[in-house]
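In case you want the letters, here they are:
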Amino acid sequence: MRAPLVVALIGFGGLPALAGAQTFTPPAGCTGFLTVQARGCKVSNHYRCADDAPGDQWRVDFNADGPYFVSRIDRETQWVYSLDLFDGVEQRLGPDPADAASFSGLLATGTDSYDFVQTGSDGTTTRVRGFDTLTGRKVVIDGIELEETAFELREMLEDGTVRSTGRGHEFIHRAWRLFFSGPSEWDGGNGFEPLDRSPVTFAQPGEPGFMSARPAFDCDAQLAALQGRAP
């Protein structure tokens, strides 16, 4: 990631200094509670901040080059805020969603639809519509029991142009009130392509790998693929 951008983020409401560390340290007033090593050369560090609304959670994603994405969700897992650390674009949840995402509804009924708007700092407005459904399948990953979901979503620009479409599976943890990626496929305009960033290991406070900033899985394969495409 670009060093000047990291410097610009230091001190931004609740965002930590992210550059150059082997481990991740949440900002003052915040406490880390979970580190997830995933497929696809990704590690995510989750934390909560005392000054936030009850139930709000933050996540910072790292790849082999460092941090690249920051997000904040609320108790119902609504996408309240996100920041792309490569281009600096922020996304915020628009007011009064037509159909607000509800983690509680998903747990109670087995399915949840959503229809909301996000506004970007680059001037774009996008509408996201989709659903999550519990499949009834449970899996155990690194000793943690998760429940599988099926999902579909579509992101559209203000003029109705489809920006991206996704479908596939994710996993949820009820007590943590979190979704984790699973095998899926995404179409950004050039046809569907597979993506799998399923969790491989979980680390909680006191466990090895907790708050690691270094992804552990598939990074050699990712580097080899990039080198294979080099001229």
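Residues numbered from 1 in each chain as written. Predicted model: local features only at pLDDT ≥ 70, side-chain atom pairs only at ≥ 80, totals over all residues. Heavy atoms only, no water.

**Description of the overall build of the protein chain**
- Tallying secondary structure elements over the protein chain gives 3 helices and 13 strands in all.
- Relative to its 231 residues, the protein chain shows a buried fraction of 44%.
- Residue pairs in contact within the protein chain that sit at least 24 positions apart in sequence constitute 44% of those at least 6 positions apart.
- As presented, the protein chain carries roughly 11,900 Å² of accessible surface, and 52% of it is formed by carbon and sulfur atoms. (Helix = DSSP H or I, 4+ residues; strand = E, 2+ residues; numbered from the N terminus. Buried < 20%, exposed > 50% of the residue type's maximum accessible area, 1.4 Å probe, protein only. Contact = heavy atoms within 4.5 Å. Areas by Shrake-Rupley, 256 points an atom, 1.4 Å probe, with all protein chains shown as cover.)

**Some details on the packing of aromatic side chains**
- Considering all chains together, one arrives at 12 aromatic pairs under this definition.
- Centroid distance F103 to F179: 5.7 Å. Interplanar angle 80°. Geometry classified as edge-to-face. Of this pair, F103 sits in helix α2 (residues 103-109) while F179 is found in strand β11 (residues 178-187), placing the two residues 76 residues apart along the sequence.
- The exposure class assigned to F103 is buried, which follows from its relative accessible area of 1%.
- For F179, a relative accessible area of 24% corresponds to the partly exposed category. (Phe/Tyr/Trp six-rings, centres within 6.5 Å; stacked < 30°, edge-to-face > 60°.)

**What to know about the pattern of salt bridges**
- In the structure shown here, the tally under the stated rule is 13 salt bridges.
- Note that D196 and R39 form a salt bridge whose closest N and O atoms lie 2.9 Å from each other. Taken together, the positions of D196 in strand β12 (residues 192-196) and R39 in the loop between β1 (30-38) and β2 (42-49) put the pair 157 residues apart, joining distant regions of the chain.
- Judged by its relative accessible area of 24%, D196 is partly exposed.
- The partner of R39 in a salt bridge is D218, and the shortest N-O contact between them spans 3.8 Å. Placement of the pair is R39 in the loop between β1 and β2 and D218 in the loop between β13 (199-203) and α3 (219-229), with a sequence separation of 179 residues.
- Overlapping salt bridges, with partners in common, bring together R39, D196 and D218 in one network. (Salt bridge = Lys/Arg side-chain N within 4 Å of Asp/Glu carboxyl O.)

**Focus on unusual backbone geometry**
- You will see that C41, though not glycine, has its phi angle at about 60°, which is positive.
- The residue C41 is located in the loop between β1 and β2 in this model.
- Of note, R177 is a non-glycine position whose phi angle comes to about 55°, a positive value.
- Within the fold, R177 resides in the loop between β10 (162-173) and β11.

**Some remarks on the side chain of R72**
- Note on placement: R72 falls in strand β4 (residues 66-73).
- Within polar-contact distance, the side chain of R72 engages the side chain of D52 at 3.2 Å.
- Not counting residues up to four positions away in its chain, the partners in contact with R72 are D52, A53, D56, Q57, W58, Q78, W79, V80 and Y81. (Polar contact = N/O pair within 3.5 Å; in protein donor to acceptor, adjacent residues only side chain to side chain.)

**Some points on the state of the cysteines**
- As enumerated under the stated definition, the model contains 2 disulfides in all.
- In this model C30 forms its disulfide with C49; the gap between the sulfur atoms is 2.0 Å. Residues C30 and C49 are joined by a disulfide whose S-S torsion is about 100°; by sign, that bridge is right-handed. Note that C30 is positioned in strand β1 and C49 in strand β2, a separation of 19 residues in sequence. (Disulfide = S-S within 2.5 Å.)

**With respect to the nonpolar core**
- Core analysis: the largest hydrophobic core is formed by 14 residues, its most contacted members being F24, Y47, W58, V60, F62 and V70.
- Among the nonpolar cores identified, the runner-up in size contains 13 residues, and L34, V36, I141 and L146 belong to it. (Core = buried A, V, L, I, M, F, W, Y, C linked by side-chain atoms within 4.5 Å.)

**Quick notes on the environment of F171**
- The residue F171 is located in strand β10 in this model.
- For F171 and T135, which are 36 residues apart along the polypeptide, the C-alpha to C-alpha distance reads 10.0 Å.

**A closer look at the confidence of the model for the protein chain**
- When the pLDDT values of the protein chain are averaged, the result is 89; 86% of them are 70 or greater.
- Contacts for the low-pLDDT stretch residues 223-231, under 50 throughout, to residues beyond four places or in other chains number 0 contacts. (pLDDT = per-residue confidence, 0-100.)

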